[in-house]
Structure formats: structure tokens, C-alpha cells
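As a plain string of letters, each chain reads:
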Amino acid sequence: MQLGILTAPFAETPLDDVADWAASVGFEALEIACWPRSSGATRRYAGTSHIDVASLGASQARDIVASLQARKLAISALAYYPNPLHPDLAYRQAAIEHLKSVVNAASLMGLPVVNTFVGGDAAQTIEANWKEAEKVWPEIIAFARDKGVTLAFENCPMLFSASEWPSGHNIAYSPMIWRRIFEAWGSDVGMNYDPSHLVWQMIDGARFIREFGARMLHVHAKDLLIDRDGLYERGIMSAGIGWQIPRMPGLGEVNWTVFFSELYRAGYDGPVIIEHEDRQFEGSDDKVKRGFLLARDVLRPLVK
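Please read all numbers here as calculations on a predicted model, not as lab measurements.

Colleague: I keep staring at the environment of Phe260 and nothing clicks. Help me out?
Modeller: Residue position: Phe260 is located in helix 9 (residues 256–266). For Phe260, a relative accessible area of 1% puts it in the buried group. With 141 residues separating them along the chain, Phe260 and Gly119 place their C-alpha atoms 28 Å apart.

Written as C-alpha cells, this is what we have:
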């Protein structure tokens, strides 16, 4: 296994500088954020563009890989997490076209995995969203396959605020949907597994790895704390809003010993990438780095 970080929290820091720091503190891999180069509001921890994939050429792609290899850093995947099933068709098309640019960049860089979301329309049911996914995704998956790239979907419901209620912006969060994904698209797609998203859903994380571990191409390390007072006030019908709190590994409710035990049993030997969304460790680069280092020290004994 390789322990690394997702570069998204370092939005204003050039990739080379992120890489220098990551290598200096013992990380072994980067998942590189590749949102479009644009201005304007973005959702939290999204919008970072450490590679301008829209203008990336073959020579520049090779240079990026070589630069990180010189620092003894692997690239676990390129990352772009939009909503390809968004009800606004103009937004949807722009997201899909940029996702294809990320796939093309990964191909130029010789990378086998791009991490993304299936997406979803929060106003529609799971069944309606799945029917739409069956229309939208086969062409994108075929595009990636032809480039030698596998899309790894993250198991995040994207349900954190009122604007994403009641169904969330990503339907690939439950075993029921994941079985459909693999039945429909087989080995042409994989999973980017994040254990934090199962905690508040009361889905057994160990059982989830036992069922889907063989399909995991990439793993995120992020924790989650349940605010019991918030849960008391809002109840489970709020779908986690107001009581699910993303934390750095070791500060929440994920049992990391069980997590790694099940990954090893499933034969997973790929990257474990720390995803930083902890509000207690943000506001400055120093705070963000402190959060990553805390997570490093919690996870390092288990990553071999």
C-alpha cells in the first residue's frame, strides 16, 4: 500500500510545492485535483486545478510524471468530482466534457484511474436517477476504456446541505446501487472507497469491503463524527444534515484497524489517500498540513 493525500485543500499552491512538502513528510502518493481552470464560486474542497487538463500535451504530461517520480511520489489517480447527472443540461454537458479531458490527461500520463462521481438529481428518486445513469454513462465509460483508463466512482451521497436534499448529488452510495453498477458495466468501472460515508448511513463498513473489496481501485481515508446532539435535534429523516461531521482519520467513528484488516483480507494493495474536509484543520496552509500530519501518524502503522 501507499499512503498519500488528495491535493484539493492546497488550491493556491502549485503542484510542485505540494509535492515537495508531501515527499518531505513521508507521503508516497498524490491524488491530483483536476477541476477546470476557472473563477467563481465552487463547493468546499472542490475547484482546485493542479493540472490544466484542457491544454495538457504529451510532453508536459511526461514531465509531470517524471517530476513526481524524482520526488519518489506516485500518482494514485487524477481527481474530478462533478455531477454528470445534474438536471441543468448545460452544466451536465460541461462536466462530462471536462471529465473526458481528465481522462485524456490520465491517458497521456500513463495513469490507469480517474476518480469521479456517478452524479444524481437531488429532486428525483434513486430509481429515476438510475434510469438516467443508464442513458448517460455507457458512452463516457467507453470513452475512458478506449483511452486505457478506468473510472473509479466514489461512494459519497453528496448530501451535506439543504441544496442537496433529499436525494443527494451522487447515487452511488449504497450496496443496492453498487450491485447495479457492476452488473451493468462490469470491470469497465471500479470504486473509490471512502469509509466515512457509510458511518452515518449505518451501513456495515466491514461487510461492505467484504462484498466489494475486489472492485476497489482506490481508497480514501477520511473519518466522520456523529454529533449526537444534532442527531437528537434533527433525527435520521434529515439524512445526516446537521449531525455528520467530516474529521481527519482517528478523530471520528471509523475503526481503522478493522478497516485495514478487511482491506488486506480483500487483497487490496493500492493507494490509501487522505482526504481532508475537517473544519478544525483549515483556514491556513499550516492548519491543513497539521491535519494531514495527524492523519499520517494515525494511519502509518497500518499501511505496509
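Colleague: Explain the pairing of strand 1 (residues 2–6) to me, please; I cannot follow it from the model alone.
Modeller: The side chains of a regular strand alternate, first on one face of the sheet and then on the other. Burial runs high along strand 1: four of the five residues are buried. Bridge count between strand 1 and strand 10 (residues 271–274): four bridges; the pairing is parallel. Looking across to strand 10, one finds that Gln2 is bridged to Pro271. As paired elements, strand 1 and strand 2 (residues 29–33) share three bridges and run parallel to each other. Looking at the pairing, Leu6 lines up with Glu31 of strand 2.

Colleague: Explanation requested: the nonpolar core in the structure shown.
Modeller: As a rule of thumb, soluble globular proteins bury nonpolar side chains together. In this structure, Leu78, Trp137 and Ile181 are the most contacted members of the largest nonpolar core, which totals 101 residues. When residues of this core are assigned to their parent elements, the largest contribution, eight residues, is made by helix 4 (residues 126–146).

Colleague: I'm lost on the side chain of Glu262 in this one. Help?
Modeller: Within the secondary structure, Glu262 sits in helix 9. The exposure class of Glu262 is buried, given its relative accessible area of 8%. In terms of polar contacts, Glu262 uses its side chain to reach the side chain of Arg210, at 3.1 Å. For Glu262, the residues in contact, after removing those within four places along its chain, are Ala206, Ile209 and Arg210.

Colleague: How do you make sense of a nonpolar patch on the surface when you look at a structure like this?
Modeller: Where nonpolar side chains cluster on the molecular surface, the patch consists of Met202, Ile236 and Met237 and spans about 420 Å² of accessible area. You can see Met237 is positioned in the loop between helix 8 (228–234) and strand 9 (244–247).

Colleague: Would you take a moment to explain the sheet that holds strand 2 for this structure?
Modeller: Note: strands within a sheet are paired through backbone hydrogen bonds, in either parallel or antiparallel orientation. Spatially, eight strands are ordered 1-2-3-4-5-6-7-10 in a closed barrel, and the strand pairing comes out parallel. Neighbouring strand axes in the sheet, compared pairwise and without regard to direction, differ in orientation by 30° on average. The sheet contact formed by strand 2 and strand 3 (residues 74–79) spans five bridges and is parallel. Directly across from Ala33, in strand 3, lies its bridge partner Ala79.

Colleague: How do you make sense of the state of the cysteines when you look at a structure like this?
Modeller: Each disulfide consists of a covalent bond between the sulfur atoms of two cysteine residues. Within the structure shown, the criterion is met by zero disulfides. Not engaged in a disulfide, the cysteine Cys34 finds its nearest cysteine sulfur in Cys156; these two sulfurs lie 19 Å apart. The exposure class of Cys34 is buried, given its relative accessible area of 0%. By relative accessible area, which is 2% here, Cys156 ends up buried.

Colleague: Hey, could you run me through the packing of helix 5 (residues 175–185) against helix 7 (residues 205–212) in this one?
Modeller: Helices that pack against each other are described as a pair by the angle of their axes relative to one another and the distance between those axes. One can describe the packing of helix 5 onto helix 7 by two numbers: an axis separation of 12 Å at closest approach and a directional angle of 10°. Relative to helix 7, helix 5 is oriented roughly parallel. Only Phe208, Glu211 and Phe212 of helix 7 make contact with helix 5, whose side of the interface consists of Pro175, Trp178, Arg179 and Phe182. Here the contact of helix 5 with helix 7 is built from residues that sort into five nonpolar, no polar and two charged.

Cut-off values and rules
- Residues numbered from 1 in each chain as written.
- Predicted model: local features only at pLDDT ≥ 70, side-chain atom pairs only at ≥ 80, totals over all residues.
- Heavy atoms only, no water.
- Helix = DSSP H or I, 4+ residues; strand = E, 2+ residues; numbered from the N terminus.
- Buried < 20%, exposed > 50% of the residue type's maximum accessible area, 1.4 Å probe, protein only.
- Pairing = 2+ DSSP bridges.
- Core = buried A, V, L, I, M, F, W, Y, C linked by side-chain atoms within 4.5 Å.
- Polar contact = N/O pair within 3.5 Å; in protein donor to acceptor, adjacent residues only side chain to side chain.
- Contact = heavy atoms within 4.5 Å.
- Patch = residues over 30% accessible without salt bridge, like charges linked within 9 Å, V, L, I, M, F, W, Y side chains within 5 Å.
- Areas by Shrake-Rupley, 256 points an atom, 1.4 Å probe, with all protein chains shown as cover.
- Salt bridge = Lys/Arg side-chain N within 4 Å of Asp/Glu carboxyl O.
- Axes fitted to C-alpha atoms, helices over the stretch in contact; angles between N-to-C directions.
- Disulfide = S-S within 2.5 Å.
- Parallel < 35°, antiparallel > 145°, perpendicular 65-115°, else oblique.
- Nonpolar A, V, L, I, M, F, W, Y, C, P; charged D, E, K, R; others polar.

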